[in-house]
Each structure stands twice: as C-alpha cells, then as structure tokens.
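Residue strings, one per chain:
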Amino acid sequence: MITIETLNENSQIGQIKKAVRLAKKFHAGQVRKGPNGDAFYNHPRRVCKSYLIFKNKSISGLIAALCHDLVEDTPMSLDELEEMFGADVRKIVFDLTKPPDVFSEEYAKNIHDWHLESKKIKLCDIEDNILDSREIPLEQRLRMLVRWKKYLDRLEHDSPSGEFGKKNEFFEKWNTVNKLHAEEMDLLKPRINLLRKS
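Summary of the structure given here. Residues take numbers from 1 onward in each chain, read along the sequence in its written order. This being a predicted model, a pLDDT of at least 70 is required before a residue's local features are given, and a value of 80 or more before pairs of side-chain atoms are given or counted; all residues contribute to the totals for chains, interfaces and linings. In computing side-chain values, all of the structure's heavy atoms are included and hydrogens and water are not.

A few words now on the overall build of the protein. Helix and strand content of the protein: 10 helices and 0 strands. By definition, any uninterrupted DSSP run of H or I lasting at least four residues is a helix, any uninterrupted run of E lasting at least two residues is a strand, and each is numbered from the N terminus. For the protein, the sequential pattern of α-helices and β-strands runs α-α-α-α-α-α-α-α-α-α. Relative accessibility thresholds used throughout: buried, under 20% of the residue-type maximum; exposed, over 50%; partly exposed, between the two (1.4 Å probe, protein chains only). Across the 198 residues that make up the protein, the buried fraction comes to 45%. Taking all contacts inside the protein whose residues are at least 6 apart in sequence as the whole, residues at least 24 apart take part in 66%. Where accessible areas are quoted, they stem from the Shrake-Rupley method and a 1.4 Å probe; at the residue level, only the protein chains shown are allowed to cover. Carbon together with sulfur atoms contributes 53% to the accessible area of the protein, which is approximately 10,900 Å² in total. Residues are treated as being in contact if the distance between any of their heavy atoms lies within 4.5 Å.

With that out of the way, let us pick up the nonpolar core. The tendency in soluble globular proteins is for nonpolar side chains to be buried side by side. Counting residues in hydrophobic clusters, the biggest one holds 48 residues, and the most contacted among them are Ile63, Cys67, Leu81, Phe85, Ile121 and Ile126. With 8 residues, helix α9 (residues 138-157) is the single largest residue contributor to this core. Not counting the four nearest positions on each side in its chain, Ile63 is found in contact with Gln15, Ile16, Ala19, Phe85 and Val89. Residue types Ala, Val, Leu, Ile, Met, Phe, Trp, Tyr and Cys, when buried and joined through side-chain atoms within 4.5 Å, form a set referred to as a nonpolar core.

Given a helix with a known number of residues, its expected span is that number minus one, times 1.5 Å. When the terminal C-alpha atoms of α9 are compared, their 28 Å separation across 20 residues agrees well with the 28 Å that a helix rising 1.5 Å per residue should span. Of all the residues in α9, the buried ones are Leu138, Arg141, Leu142, Met144, Leu145, Trp148, Tyr151, Leu152 and Leu155.

With that settled, the discussion passes to the packing of aromatic side chains. Both the distance between ring centres and the angle between the ring planes are used here to describe each pair of aromatic rings. Between rings of Phe, Tyr and Trp, where Trp is taken as its six-membered ring, a pair exists when centres lie within 6.5 Å; planes separated by under 30 degrees are stacked, by over 60 edge-to-face, and by other angles tilted. For the structure on display, the rule yields 4 aromatic pairs. A ring pair is formed by Tyr51 and Phe54, whose centres lie 6.0 Å apart and whose planes are at 55 degrees; its orientation type is tilted. Judged by its relative accessible area of 0%, Tyr51 falls in the buried class. Taken together, a centroid distance of 5.5 Å and an interplanar angle of 75 degrees make the contact between Tyr107 and Tyr151 edge-to-face. Pair noted here: Tyr107 is in helix α7 (residues 104-108) and Tyr151 is in helix α9, with a separation of 44 residues, a long-range link. Here Tyr107 falls in the buried class, since its relative accessible area comes to 5%. One aromatic cluster in this structure is built from Tyr107, Trp114 and Tyr151. Two conditions define a charge located above a ring, namely a distance within 6 Å from the ring centre to NZ of Lys or CZ of Arg, and an angle within 35 degrees of the ring normal. Over the ring of Phe40 we find Arg32; its NZ or CZ atom is 5.5 Å from the centre of that ring.

In this model, helix α1 (residues 12-26) (15 residues) spans 21 Å end to end at C-alpha, consistent with the 21 Å of a helix rising 1.5 Å per residue. Here α1 has its buried residues at Gln12, Ile16, Ala19, Leu22 and Ala23. Looking straight down α1, one finds its buried side chains confined to an arc of 120 degrees; they lie on one side. Structural note: α1 exposes Arg21 and Lys25 on the side pointing more than 90 degrees away from its buried face. Here the buried face of α1 lies against α3 (59-67), α4 (70-73) and α5 (78-85). Relevant arc is that of directions from the helix axis to the C-beta atoms, nothing else.

So, on to the packing of helix α8 (residues 116-132) against α9. Axis definition: a line fitted to C-alpha atoms, over the contacting stretch in the case of helices. Angles run 0 to 180 degrees between N-to-C directions. α9 packs onto α8 with a crossing angle of 155 degrees between their chain directions and a minimal axis gap of 11 Å. Classified by the interaxial angle, the pair formed by α8 and α9 is roughly antiparallel. You can see that α8 and α9 cross each other, and the crossing is left-handed. Here α8 contributes Lys119, Lys122, Leu123, Ile126, Asn129 and Ile130 to the contact with α9, which in turn contributes Arg141, Leu145, Trp148, Tyr151, Leu152 and Leu155. Put simply, angles under 35 degrees are roughly parallel, angles over 145 are roughly antiparallel, angles from 65 to 115 are roughly perpendicular, and the rest are oblique. Left-handed describes a crossing whose near helix is turned anticlockwise from the far helix through less than a right angle; right-handed describes the clockwise counterpart.

Turning our attention to the pattern of salt bridges. Salt bridge, as applied in this entry: a Lys or Arg side-chain nitrogen positioned within 4 Å of an Asp or Glu carboxyl oxygen. Summed over all chains, the structure comprises 18 salt bridges. Note that Glu169 is salt-bridged to Lys120, the shortest N-O span being 3.9 Å. On the criterion of sequence distance, the pair formed by Glu169 in helix α10 (residues 169-197) and Lys120 in helix α8 is long-range, its members being 49 residues apart. One salt-bridge network, in which partners are shared between bridges, spans Arg32, Asp38, Arg46, Asp128 and Asp132.

Let us now look at the side chain of Ser58. Note that Ser58 resides in the loop between α2 (42-51) and α3. Given a relative accessible area of 4%, Ser58 falls into the buried group. Of note is the side chain of Ser58, whose polar atom sits 2.9 Å from the backbone nitrogen of Gly61. Each polar contact in these results corresponds to two N or O atoms within 3.5 Å; when the atoms are within protein, one needs to be able to donate a hydrogen and the other to accept it, and residues that are neighboring in sequence are counted only if both atoms are side-chain atoms.

Structural data, given as structure tokens:
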C-alpha cells in the first residue's frame, strides 16, 4: 500500500491536487445544513485533515476523503472517479455513498464489508457532521444523531478484532467520536425534555 510517507513528488501529489480541485469544482455553490451557510467544500477538506491524523493511511484514502461526497451530492459518477484515481478510490467512495432510495439501516448493514480506509473516513465524516450540526434545529439534529449512532454501532460491532483492538488507532478514533456523540446527546437532554413537555 502506498502511504503518505512514500509520496512520489510527480504523481501522487499531482493526484491529491487534482482531487482538491475536483471537490472544489463540483461542490461549488453547495452549502452545509444550518443557518451559517458554510461552503460545503469545507466539510470534505476537514474530513481529509482528520483522516491524515491516522498513522496508517493511504493515498487512495486521502483522495477518497476529499471526494467522499461527490457521487452522493453531485453529478460525478463512480466510473469517472475510477478513471481519474483508480479502483481503490472507487471502492472507498462506493462504500461511503448512500444511494438515495436506501434507508440508513439498510446502508449500515454493509459496513462489515467495507474497506478499512472507508471505515476510517466514515468516523472522520461522522465526527465533522456532529461538530458542524450544532446550529441545526433540534428535531432535525436529533434524527441525524440517531442515524450517526447506528453507523457508530455498526463500525464497532462489524469491525474485525484486528481493526478494533484497544491499542489500535481505529478503536481510538471510534472511541473519540463515540464519546463526542454521547456528550452532544447529554447536552441536548434539557432541550429534549422541554420539547416533550410542550
């Protein structure tokens, strides 16, 4: 596996720059949910930055982190991504793309079969979504938090023991994101109680 540490100056850096340009181009004009209207491109950029923290990472994972929402949220196709970046990137982005006609529960069932890099990027994606959703209306955010918890539970239970040992960086990241999710739910409890009484 090619790693960040073994980047070839001429080819791999060029591929990363191409992925940055592609994400900026296809997400241009899109905004995140919430009142701030943050440019959507900032989300894959942050996910990629979070993915870079893993000691074991790949060029395909880096590119896929930048491109992980392109097929789901833009006209970009998996075939086009594969033509530009190869089969590994296609596989990771395929894992991370929820078809519009598939419910979250059904989508989560396939996590067991995901590439490890897909699972790492999904953790980074959930983490950024949690942090970036704090200004979203309460009921909408609760639905999102419930969905993300389902994904976190699947990532825990459907990951082989080798990926989920207590000293493993995958587990450490999962634990960080799961704690963040629990903290956010605790912070929302007073508002949830008020909502139920109203």
